[in-house]
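In case you want the letters, here they are:
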Amino acid sequence: MNMQEINRYLKHIIGAMNEGLMLIAPDGTMLMVNKAFEELTGYKSEEAVGRPCTLLHCDACENTLNKDGASWCALFQQGQVIKKHCSIIKKDGSCLTVLKNASLLKDDEGIPLGAVETLTDISEVERLDQEVHNLCHQLEIKNAFHGIVGNSPSCRKSIRSLRRPL
């Protein structure tokens with residue numbers, strides 16, 4: 001397969017991804033985003049490309065000082081971020097919980113070319129986790145016995161017998 005065919009496949013693969021994808025230059029400028037990124041963040045490609053990746057105000061991004069004294073991303077020192085739970089701010093100002101994966105891209109000599117980051121929306125998982133937490137808390141509050149809840153006379157009788165020491 002030649003490079004032109006590979007590039008054609010890559011374009012379709014990136015377009016078919018469900019995860020938001022950003023290609024970031026060493027200076028932090030977004031070079032490319034995919035359709036899923038647009039849908040997740042509300043920023044169209046033409047609004048994001050050329051702007052700094054800090055546009056998303058990711059709460060997990062760590063800034064460190066480099067040799068020049070300028071503040072910059074720790075990813076370019078660490079090399080990768082794996083399954084980092086974080087929140088970003090969408091174009092409309094709302095917060096979105098995502099799982100971030102990022103890897104530094106280097107040329108054959110080991111010089112950083114940029115980074116690739118994926119963002120996976122986990123807001124529904126977070127919502128369901130909170131719902132489970134709330135339901136568990138409700139079970140603890142009621143007159144329950146190890147999660148067993150019931151108000152019928154037979155259920156209350158069974159719970160009373162279970163509470164009695166043997």
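What counts as what
Residues numbered from 1 in each chain as written. Predicted model: local features only at pLDDT ≥ 70, side-chain atom pairs only at ≥ 80, totals over all residues. Heavy atoms only, no water. Helix = DSSP H or I, 4+ residues; strand = E, 2+ residues; numbered from the N terminus. Salt bridge = Lys/Arg side-chain N within 4 Å of Asp/Glu carboxyl O. Buried < 20%, exposed > 50% of the residue type's maximum accessible area, 1.4 Å probe, protein only. Polar contact = N/O pair within 3.5 Å; in protein donor to acceptor, adjacent residues only side chain to side chain. Contact = heavy atoms within 4.5 Å. pLDDT = per-residue confidence, 0-100. Patch = residues over 30% accessible without salt bridge, like charges linked within 9 Å, V, L, I, M, F, W, Y side chains within 5 Å. Areas by Shrake-Rupley, 256 points an atom, 1.4 Å probe, with all protein chains shown as cover. Lys, Arg positive; Asp, Glu negative; His and termini not counted. Charge placed at Lys NZ, Arg CZ, Asp CG, Glu CD. Pairing = 2+ DSSP bridges. Axes fitted to C-alpha atoms, helices over the stretch in contact; angles between N-to-C directions.

**Concerning unusual backbone geometry**
Not every positive phi belongs to a glycine, and His 57 is a case in point at roughly 50 degrees. The residue His 57 is located in the loop between α3 (45–48) and β3 (63–65) in this model. One non-glycine residue with positive phi stands out, namely Lys 83, at about 45 degrees. As for its placement among the helices and strands, Lys 83 is situated in strand β5 (residues 80–89).

**A few points about the pattern of salt bridges**
With the rule as written, the count across this model stands at 4 salt bridges. We note a salt bridge from Glu 131 to Arg 127, for which the minimum N-O separation is 3.0 Å. Highlighted residues: Glu 131 and Arg 127, both in helix α5 (residues 123–141), separated by 4 residues, approximately one helical turn. Glu 131 sits in the partly exposed class, given a relative accessible area of 38%.

**Comments concerning the side chain of Thr 29**
The topology assignment puts Thr 29 in the loop between β1 (20–24) and β2 (30–33). Within polar-contact distance, the side chain of Thr 29 engages the side chain of Asp 27 at 2.8 Å. Non-local contacts of Thr 29, meaning those with residues more than four positions away in its chain, are made with Leu 23, Ile 24, Gly 50, Arg 51 and Pro 52.

**Quick word on the side chain of Asn 34**
In this structure, Asn 34 sits in the loop between β2 and α2 (35–41). A relative accessible area of 4% means that Asn 34 is categorised as buried. A polar side-chain atom of Asn 34 sits 3.0 Å from the main-chain carbonyl oxygen of Glu 19. Reaching out from Asn 34, the side chain makes a polar contact with the backbone nitrogen of Leu 21 at a distance of 2.9 Å.

**A word on the confidence of the model for the chain**
With 86% of its residues at a pLDDT of at least 70, the chain reaches an overall mean of 84. At the low end of the mean pLDDT range in the chain sits β3, at 50; at the high end sits α3, at 97.

**A few points about a positive patch on the surface**
A surface patch of positive charge is lined by Arg 156, Lys 157, Arg 160 and Arg 164. Looking at the element boundaries, Arg 160 is found in helix α6 (residues 153–163). Judged by relative accessible area, which is 46%, Arg 160 ranks as partly exposed.

**Observations regarding the pairing of strand β6 (residues 95–106)**
Of the strand pairs in this sheet, β5 and β6 are connected by 8 bridges, and their pairing is antiparallel. Note that in β6 the partner of Cys 86 across the bridge is Val 98. Between β5 and β6, which pair antiparallel in sequence order, lie 5 residues; one of them, Gly 93, sits at a positive phi of approximately 90 degrees. Across 9 bridges, the pairing between β6 and strand β7 (residues 112–121) is antiparallel. Paired with Leu 104 across the bridge in β7 is Ala 115. Count of turn residues in the β6/β7 antiparallel hairpin: 5 residues, of which Gly 110 carries a positive phi of about 85 degrees.

**What to know about the sheet that holds β1**
Strand order in the open sheet formed by 5 strands is β2-β1-β7-β6-β5, and the pairing between neighbours is antiparallel. One side of each edge strand has no neighbouring strand; the edge strands of this open sheet are β2 and β5. Between one strand axis and the next, the sheet turns through 25 degrees on average, direction left out of account. Pairing of β1 with β2 involves 3 bridges; the strand directions are antiparallel. The residue bridging Leu 23 from the neighbouring strand is Met 32, located in β2.

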